[in-house]
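Chain by chain, the residues:
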Amino acid sequence: MKTSEKKQLKSPYRVGFDFDKVFVQYPPLIPDSFINWIYKKKNKTLAYRMPGTIEQKVRIFSHYPIFRHPIRNNISSLKKLYKKYPLYLISGRLGFLDKRTEQWLNKFPIKKYFKETYFNFNNEQSHIFKDRVIKSLKITHYIDDDLDLLLYLAKNNPNVFFYWLDKSTFSKRYIPFDNIKRVAKISHIKEL
Ligand SMILES: [Mg+2]
């Protein structure tokens, strides 16, 4: 057994990560706020949209690995953290993006740092999918860029530490839970 595997076994922490905007950049030139806006339904309860056929084609095109750059600083953190903790990738990506996801992971081989990877390829609501996987894996720390989703998870998993990845210096959103902290990058997480 490798030293990293021994350390992982002893670790009391089980660390989960989202994929898009954590390790994979959104396409350049399109404002992030626009992409987030099209992903969600415009009503008060949290709900994610299943895009129609034409929109799926556009999104499949926009998910070519050349448009989706890796987020290098967070990938560097991954290389350090996997020597200490078992890491899990828990992504809400929908089934129509399975091939593009595989292509990206072939081009940027980060899968080896994770003990297991989970994608929402059965098209559940993203927050419900992540809540279930976090509970079943007994995740202790989870990192995501989607604050609406984190608010849902934090309420349902009060003993898990959540981290909201957000680089914007203008965000003034109020976070009503003690178990969500805002960080600009993974290396800023003091607990890990
Ligand atoms: Mg994301």
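Report follows, based on the coordinates. Every value quoted in this text rests on a predicted model; they were computed, and no experiment measured them. (Residues numbered from 1 in each chain as written. Predicted model: local features only at pLDDT ≥ 70, side-chain atom pairs only at ≥ 80, totals over all residues.)

**Structural notes on helix H7 (residues 147–156)**
- Every buried residue of H7 is listed here: Leu149, Leu150, Leu153 and Ala154. Viewed end-on, H7 has its buried residues packed into an arc of 130°, placing them on one side of the element.
- On its buried side, H7 packs onto helix H6 (126–137), strand E4 (141–144), strand E5 (161–165) and strand E6 (180–183). (Buried ≥ 20, exposed ≤ 12 C-beta atoms within 10 Å, placed from the backbone. Helix = DSSP H or I, 4+ residues; strand = E, 2+ residues; numbered from the N terminus. Arc of directions from axis to C-beta. Contact = placed C-beta atoms within 7 Å.)

**Brief notes about the nonpolar core**
- Membership of the largest hydrophobic core comes to 30 residues, with the highest contact counts inside it found for Ile143, Leu150, Leu153 and Phe162.
- Contributions of two or more residues to this core are made by strand E1 (15–17), strand E2 (87–91), E4, H7 and E5.
- Examining the composition of this core, we find that five residues originate from one element, E5, more than from any other.
- Among residues more than four places away in sequence, those in contact with leucine 153 are His127, Lys130, Asp131, Ile134, Tyr142 and Phe162. (Core = buried A, V, L, I, M, F, W, Y, C linked by C-beta atoms within 7 Å.)

**Focus on the packing of H6 against H7**
- The contact between H6 and H7 brings their axes to 10 Å, and the two run at 40°. Overall, the two elements H6 and H7 adopt an arrangement that is oblique. For the crossing formed where H6 meets H7, the hand is right-handed. Residues Ser126, His127, Lys130, Asp131 and Ile134 of H6 pack against Leu149, Tyr152, Leu153 and Asn156 of H7.
- Counted by class, the contact of H6 with H7 contains four nonpolar, three polar and two charged residues. (Axes fitted to C-alpha atoms, helices over the stretch in contact; angles between N-to-C directions. Parallel < 35°, antiparallel > 145°, perpendicular 65-115°, else oblique. Left-handed = near helix turned anticlockwise from the far one by under 90°. Nonpolar A, V, L, I, M, F, W, Y, C, P; charged D, E, K, R; others polar.)

**Thoughts on the pairing of E2**
- Counting buried positions along E2 yields four of five residues, so the element is predominantly enclosed.
- When E1 meets E2, the two strands line up parallel, connected through three bridges. Within the sheet, the bridge partner assigned to phenylalanine 17 lies in E2 and is leucine 89.
- Pairing analysis gives four bridges linking E2 to strand E3 (residues 116–119), with the strands arranged parallel. Within E3, the position partnered with leucine 89 by the bridge is threonine 117.
- Viewed along the sheet, the connection from E2 through helix H5 (residues 98–107) into E3 turns out right-handed. (Pairing = 2+ DSSP bridges. Right-handed = clockwise from strand over helix to strand, strands pointing away.)

**So, the sheet that holds E4**
- Ordered in space as E3-E2-E1-E4-E5-E6, the six strands form an open sheet in which the pairing is parallel. The sheet is open, and its two edges are formed by E3 and E6, each paired on a single side. This sheet shows a mean twist of 20° between the axes of neighbouring strands, independent of strand direction.
- Across the sheet, H7 lies against E4, E5 and E6, angled at about 175° from E5, the strand it touches most.

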